[in-house]
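Residue-level structure breakdown
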Amino acid sequence: MTNAQKWVALFLVVFILLFVLLKITRKEESGGNMNYSAYEENAVTLMQNQKCFQCHGSKLTGTEKGPSLVGIRKYWSRDALINYLRNPTSYASDARFEEYKKQYKEFMPSYEEVDTKALGKIADYILSLPAK
Ligand code: HEC
């Protein structure tokens with residue numbers, strides 16, 4: 001092999017390696033089903049931005065401003081929960097919410113302006129909390 005041929009061969013090997021690496025990392029990023037921790041982190045960041053933890057507690061076990069969200073999954077389907085976050089007052093007639101009304105000075109704010117996909121992530125996260 002001449003020197004020039006060696007350089008071409010080296011270049012080709014590096015190129016192929018880069019290409020393969022790119023393929024592997026792409027697959028991990030866009031796998032459709034995000035791994036659980038990436039997904040959880042996302043919901044937590046969203047909830048931090050929306051101040052959910054300020055009223056529901058850093059572990060979502062409740063504060064004097066809002067009830068615990070741990071174990072509420074037995075009450076909600078994913079869709080109902082997303083609807084609730086968008087329009088909490090529509091559930092105010094439920095017996096559980098009658099109690100909440102007496103117990104908490106402030107109401108659960110409406111998150112109508114938040115992207116539905118983001119609310120879906122938050123809902124999935126709440127539904128993934130232990131059943132108490
Ligand atoms: C200002 C305080 C406050 C903030 C901020 C807040 N909540 Fe609430 N949340 C409440 C109160 C109070 C209730 C009880 C219902 C009521 O009185 O409106 C409640 C109720 C709920 C419920 C229903 C609980 C059940 O028993 O089914 C869910 C779910 C919920 N909040 C999720 C969230 C999420 C998610 C966020 C952030 C996107 C959030 N909350 C932000 C105060 C708050």
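Read on for a plain summary of the structure. (Residues numbered from 1 in each chain as written. Predicted model: local features only at pLDDT ≥ 70, side-chain atom pairs only at ≥ 80, totals over all residues. Heavy atoms only, no water.)

1. With respect to the site of the ligand
Around the ligand, a shell composed of 25 residues is seen, among which Cys52, Cys55, His56, Tyr100 and Met108 lie nearest. Contact distances for the ligand include 2.8 Å between an oxygen atom and a side-chain N or O atom of Trp76. Only α3 (52-56), α4 (78-86), α5 (95-103) and α6 (116-127) provide two or more residues apiece to the shell around the ligand. Residues of the shell around the ligand, tallied by class, amount to 19 nonpolar, two polar and four charged. (Near = heavy atom within 4 Å. Polar contact = N/O pair within 3.5 Å; in protein donor to acceptor, adjacent residues only side chain to side chain. Helix = DSSP H or I, 4+ residues; strand = E, 2+ residues; numbered from the N terminus. Nonpolar A, V, L, I, M, F, W, Y, C, P; charged D, E, K, R; others polar.)

2. Side note on the packing of α4 against α6
Where α4 contacts α6, the two axes come as close as 9 Å, and the packing angle between them is 120°. Relative to α6, the element α4 lies oblique. Read as a crossing pair, α4 and α6 show a hand that is right-handed. In contact with Arg78, Leu81, Ile82, Leu85 and Arg86 of α4, α6 contributes Thr116, Leu119, Gly120, Lys121, Ile122, Ala123, Asp124, Ile126 and Leu127. (Axes fitted to C-alpha atoms, helices over the stretch in contact; angles between N-to-C directions. Parallel < 35°, antiparallel > 145°, perpendicular 65-115°, else oblique. Left-handed = near helix turned anticlockwise from the far one by under 90°. Contact = heavy atoms within 4.5 Å.)

3. Things to note about the nonpolar core
Counting 27 residues, the largest nonpolar core has Met47, Leu60, Trp76, Leu119, Ile122, Ile126 and Leu129 as its most contacted members. Where this core is concerned, the elements lending two or more residues are α2 (36-49), α3, α4, α5 and α6. Counting residues per element, this core draws most heavily on α6, which supplies six residues. With residues near it in sequence (within four places) discarded, Leu60 still touches Met47, Phe53, Ser68, Leu69, Val70, Tyr125 and Leu129. (Core = buried A, V, L, I, M, F, W, Y, C linked by side-chain atoms within 4.5 Å. Buried < 20%, exposed > 50% of the residue type's maximum accessible area, 1.4 Å probe, protein only.)

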